[in-house]
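One letter stands for each residue in the lines below.
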Amino acid sequence: MLRSFLLYLSERETPKNLLTHHALGRRLASRFIAGEELEDALRTVRQLTAEGFEVTLDCLGESVHEAAAAEEACRTYQAILDRLAAENLRSHVSVKLTQLGLALDEALAIRHLQAICERAARHHNFVRVDMESSAYTEATLRVFRAANAPRDILGIALQAYLYRSEKDVEELLRCGARIRLVKGAYKEPPEVAFPRKRDVDGNFQKLTEKLLSSEVYHAIATHDARLIAATQAFAKAHNISPDRYEFQLLYGIRRQLQRDLLRQGMRVRVYVPYGRQWYAYFMRRLAERPANLLFLLRNLFRA
Ligand SMILES: Cc1cc2nc3c(=O)[nH]c(=O)nc-3n(C[C@H](O)[C@H](O)[C@H](O)COP(=O)(O)OP(=O)(O)OC[C@H]3O[C@@H](n4cnc5c(N)ncnc54)[C@H](O)[C@@H]3O)c2cc1C
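Here is a short report on the structure shown in this document. Note that this is a predicted model, so its numbers are computed, not measured.

The grouping of M1, L2, F5 and Y8 at the surface amounts to a nonpolar patch, some 490 Å² of accessible area in total. Looking at the secondary structure, you find M1 in the segment before helix 1 (2–9).

Even without being glycine, N88 reaches a positive phi, approximately 55 degrees. Summarising the element assignment, N88 is placed in the loop between helix 5 (67–86) and strand 2 (91–95). Classification of N88 as exposed rests on a relative accessible area of 71%. Located in the positive-phi region is H124, a residue other than glycine, with phi close to 55 degrees. Among the secondary structure elements, H124 is positioned in the loop between helix 6 (106–122) and strand 3 (127–129). On the basis of relative accessible area, H124 is assigned to the exposed category, the value being 75%.

In this section: the pattern of salt bridges. For the coordinates displayed, the defined rule picks out 29 salt bridges. E87 is paired through a salt bridge with R46; the nearest N and O atoms lie 2.8 Å apart. Residue E87 is located in the loop between helix 5 and strand 2, and its partner R46 is located in helix 4 (residues 38–51); the two are separated by 41 residues in the primary sequence. Where R284 meets E62, a salt bridge forms, and the shortest distance between an N and an O atom there is 3.0 Å. Taken together, the positions of R284 in helix 12 (residues 279–288) and E62 in the loop between strand 1 (54–59) and helix 5 put the pair 222 residues apart, joining distant regions of the chain.

In the region of the ligand, 26 residues are neighbours, and K183, G184, K197, T222 and E288 sit closest. Residue Q159 places a side-chain N or O atom 2.8 Å away from an oxygen atom belonging to the ligand. Contacts to the ligand include E288, whose side-chain N or O atom sits 2.6 Å from an oxygen atom. Burial of the ligand by the protein amounts to 88% of the accessible area it has alone, namely 920 Å². Residue assignment for the shell around the ligand shows that the elements contributing at least two residues are strand 4 (154–159), strand 5 (178–182), strand 7 (245–250) and helix 12. Tallied by class, the residues present in the shell around the ligand amount to 10 nonpolar, 6 polar and 10 charged.

Okay, empty space enclosed by the protein next. Overall, the coordinates contain 1 cavity of 30 Å³ or more when judged by the stated rule. As a volume, the largest cavity reaches approximately 30 Å³. As for the largest cavity, its lining consists of T56, H92, V93, S94, F126, R128, R180, Q248 and R269. Tallying contributions element by element places strand 2 first for the lining of the largest cavity, with 3 residues. Of the residues belonging to the lining of the largest cavity, the class tally is 2 nonpolar, 4 polar and 3 charged.

Our focus in this paragraph is helix 9 (residues 197–212). For helix 9, with 16 residues, the first-to-last C-alpha span of 22 Å sits near the 22 Å given by 1.5 Å per residue. Buried residues of helix 9: V200, D201, N203, F204, L207, T208, L211 and L212, and no others. Taken end-on, helix 9 shows its buried residues confined to a sector of 165 degrees, consistent with a single buried face. Contacts from the buried residues of helix 9 go to helix 8 (165–174), strand 5, strand 6 (218–221), helix 10 (225–237) and strand 7.

Put simply, the largest pocket is a space of about 1,300 Å³. Around the largest pocket, the lining is made up of 45 residues, and of these K183, G184, A185, R285 and E288 lie nearest the centre. Of all the elements in the fold, those that place two or more residues in the lining of the largest pocket are helix 1, strand 4, strand 5, helix 9, strand 7, helix 12 and helix 13 (290–302). Residues that form the lining of the largest pocket fall into these classes: 21 nonpolar, 7 polar and 17 charged. Roughly 930 Å³ of volume is contained in the second largest pocket. Around the second largest pocket, the lining comprises 37 residues; the ones closest to its centre are L60, G61, E62, V64 and Q277.

Thresholds applied
- Residues numbered from 1 in each chain as written.
- Predicted model: local features only at pLDDT ≥ 70, side-chain atom pairs only at ≥ 80, totals over all residues.
- Heavy atoms only, no water.
- Patch = residues over 30% accessible without salt bridge, like charges linked within 9 Å, V, L, I, M, F, W, Y side chains within 5 Å.
- Areas by Shrake-Rupley, 256 points an atom, 1.4 Å probe, with all protein chains shown as cover.
- Salt bridge = Lys/Arg side-chain N within 4 Å of Asp/Glu carboxyl O.
- Helix = DSSP H or I, 4+ residues; strand = E, 2+ residues; numbered from the N terminus.
- Buried < 20%, exposed > 50% of the residue type's maximum accessible area, 1.4 Å probe, protein only.
- Near = heavy atom within 4 Å.
- Polar contact = N/O pair within 3.5 Å; in protein donor to acceptor, adjacent residues only side chain to side chain.
- Nonpolar A, V, L, I, M, F, W, Y, C, P; charged D, E, K, R; others polar.
- 1 Å grid on protein atoms, 1.4 Å probe; cavity = no way out; pocket = protein on both sides within 12 Å on 5 of 7 lines; lining within 4 Å.
- Points joined across faces, edges and corners; volume = space filled by probe spheres on them.
- Expected span 1.5 Å × (residues − 1).
- Arc of directions from axis to C-beta.
- Contact = heavy atoms within 4.5 Å.

Coordinates in, geometry out; function isn't part of it.
So this is what it looks like as structure tokens:
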């Protein structure tokens, strides 16, 4: 109930304006967002890489409805890639296709994704396409394929809560794509996604095993300690060494678990979001854990 309500709010303008135009809103969001400017994000990248983490940077933004905004997002990502290279910083980038114009014109999103991949290739870097709501799954996969970038330049995320993902994993594995597996963060109807957490977790484990059994380097993205342990146990039982895959976790979530995994010799990539368009991302993080809402309310009343 609460999750659905928060996800509903994540798409509404009034609470967005209330929260984003208020210093308190920015302070609350800072738990999950590295800052509003690229400099803030780069500082975080430096700190994390010094600790031994890998990073992927996300310049927040989605559901763009003007070509000029999509253009600007494309240029921003190119500039981020240039800056990472100039400073010799170890970080990939993660992009949302609706930020690159997917909701406007698929051909535009393809052109932008290609331009970003070309820049990434020039710097020997890597671009990951985030997966958005199921309204965009098919188009996201089409754009990913149409971009036709080599697998060491471009990868994609798939969501274990969607019934279709098992088939998508199989098809993408056949063309050697690099996949980030996540549970899924959007509000989806039972016609397309498993409504029960138990089934989502079961599918996550099943798909993880398919990914690890392939020859390609994939990312298992979760904060679920049970699924992380199951992944490690499966890898050990099948002689898959820890450098053949990586775990990914979000900035600000389960930091001790992130450090513990590093200490165990695992590869750990932290997804670092930054930028002014943090509202929808922030609301999805609240929706994932009701306790986060209590934390927010406590701070609201203290202010
Ligand atoms: C690197 C990365 C990239 C992602 N990319 C995408 C994407 O492209 N598309 C997409 O739909 N989703 C994406 N997600 C989000 C994902 O789909 C889940 O919504 C999110 O990871 C929560 O699920 P979980 O696997 O951590 O498991 P859960 O069962 O939700 O959580 C397991 C435990 O983790 C902790 N936890 C989880 N979430 C939070 C939180 N918000 N605050 C505090 N503690 C928390 C809690 O202790 C919880 O018990 C991504 C997640 C990660 C880690």
